[in-house]
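Chain residues, written in single-letter form:
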Amino acid sequence: MSIQAQIEQHAATRSGARARLRTALDTLAAAGRLEPPQGKKLWDQTAQPALPAWITVITDLAPATNSVDLDTVFWAPGISRWLREWTRISRPGPGIRASLQEINTWLLEHLAGPPPTVAREERSLDIFGDEKKLARIEASSIFAAHRLSPHELAYERPIPPLRAARLADRGDLLLIENQSTFDSAWRALRHDPSPFAAVAFSNGWEAAFAEPILHVTEHLQLREPPARIWYAGDLDLDGLDIPLTLTANLQTHDHPLPYPLTSAYEAMLAAGTTAASGPIERGVAEKAAEWLPQQLRQETADLLITGNRIAQEVLDRAWWSDPTWRREVLSGARAPAKSSGDAE
């Protein structure tokens, strides 16, 4: 669940969190990592999707490992300084003890000086003979604050690049939720991109991560970081929740926040092309609509409450080719939406 945990860092109490939790549980159940209860009475049906009252976590996934006696091991300085506290507080099992001993062996082999920094999966293969293991244990207690770090093991986490069309060497960044709309937008802008440096396809929840945005200048080889970030997505629960979560994640990095592309949302609401998606509770709908400017929030909340959504594909290539929508961008950004954690 490490990917889910990273995405949900600021989203656990946001709209759509229940659906994402159910998806994560279903995925883990299908993989044999947990067992949900069988009886319907053991599921919370007060809201949808239903959630189990409890789950059985299956922990015996690997062959039994002989417990490592930590007192018989010579520990590298980078581990010995926190080892006692870790064993007392975390009470680690044999699996993570064995993993730590493998890391210790690697650290001892490089006491004279760290090797060149490589990608996480490359270092994982070097230490464990398993390129995926390091990613699996990064969320464990041995990588908590003031313990092990990527720096000590001389690796960097791979940063997933945005799927982007580079239009110029400087300017704003336009984030689009859906692939077909991204395709129409960059084709419409490619011959006259101002004021955009790039259009990026956020691929749904991938846009909730801060890291691709933080490194977009290097990935796209722009002359300078994008002056502003604009976002447009579906008018539904996820389409509004994604930029809210991205906003909260970027705030932790003291990074400029995204702006809603108001002209796009105004056009979607004006088109009135709705589809049924299931009613949303009023409080959830109103919180999701906080991403939008004040004048669009009530209409959007009402749309969700009545069980409808609007796909951003209503903004076809002809709409993106009309320069009218760019007036908003050229005239200056409106204030970004507040994170739900902001003070009133």
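Structure first, text after, so check above.
Residues numbered from 1 in each chain as written. Predicted model: local features only at pLDDT ≥ 70, side-chain atom pairs only at ≥ 80, totals over all residues. Heavy atoms only, no water.

A. Structural view of the packing of helix H4 (residues 94-109) against helix H5 (residues 120-128). Look at H4 against H5: their axes get within 9 Å of each other, and the N-to-C directions meet at 95 degrees. Put simply, H4 runs roughly perpendicular to H5. From H4, Ser-99, Glu-102, Ile-103 and Trp-106 reach across to H5, where they touch Arg-123, Asp-126, Ile-127 and Phe-128. (Axes fitted to C-alpha atoms, helices over the stretch in contact; angles between N-to-C directions. Helix = DSSP H or I, 4+ residues; strand = E, 2+ residues; numbered from the N terminus. Parallel < 35°, antiparallel > 145°, perpendicular 65-115°, else oblique. Contact = heavy atoms within 4.5 Å.)

B. Inspection of the pairing of strand E9 (residues 196-201) at higher detail. Summarising burial for E9: six of the six residues are buried, a large majority. Strand direction decides the pairing type here: strand E7 (residues 163-166) and E9, joined by four bridges, are antiparallel. Pairing of Ala-164 across the sheet is with Ala-200, part of E9. Bridge count for strand E8 (residues 172-176) against E9 is five bridges, and the pairing is parallel. Note that in E9 the partner of Ile-176 across the bridge is Phe-201. Considered for its hand, the β-α-β crossover made up of E8, helix H7 (residues 179-189) and E9 is right-handed. (Buried < 20%, exposed > 50% of the residue type's maximum accessible area, 1.4 Å probe, protein only. Pairing = 2+ DSSP bridges. Right-handed = clockwise from strand over helix to strand, strands pointing away.)

C. Representation of the sheet that holds strand E11 (residues 259-260) within the structure. On the basis of which strands lie adjacent, the open sheet formed by five strands has the order E7-E9-E8-E10-E11 and mixed pairing. Each edge of the open sheet carries a strand with a single partner, namely E7 and E11. Packing of H7 onto the sheet brings it into contact with E7, E8 and E9, and relative to E9 it is tilted by some 160 degrees.

D. Region of interest: unusual backbone geometry. Across the junction of Ser-194 and Pro-195, the peptide omega takes the value 5 degrees, indicating a cis bond. Relative to the assigned elements, Pro-195 resides in the loop between H7 and E9. Phi is positive for His-146, close to 70 degrees, though the residue is something other than glycine. Positionally, His-146 belongs in the loop between helix H6 (133-137) and strand E6 (155-156). Residue classification places His-146 among the exposed residues on the basis of a relative accessible area of 72%.

E. Quick look at the packing of helix H3 (residues 77-90) against H4. The N-to-C vectors of H3 and H4 enclose an angle of 170 degrees; their axes lie 13 Å apart at closest approach. On the basis of the axis angle, H3 is roughly antiparallel to H4. When the axes of H3 and H4 are compared, the crossing they make is left-handed. When H3 is examined against H4, the residues Ile-79, Trp-82, Leu-83 and Trp-86 are found in contact with a partner set consisting of Ile-96, Arg-97, Leu-100, Asn-104 and Leu-107. Among the residues making up the contact of H3 with H4, the classes are represented as seven nonpolar, one polar and one charged. (Left-handed = near helix turned anticlockwise from the far one by under 90°. Nonpolar A, V, L, I, M, F, W, Y, C, P; charged D, E, K, R; others polar.)

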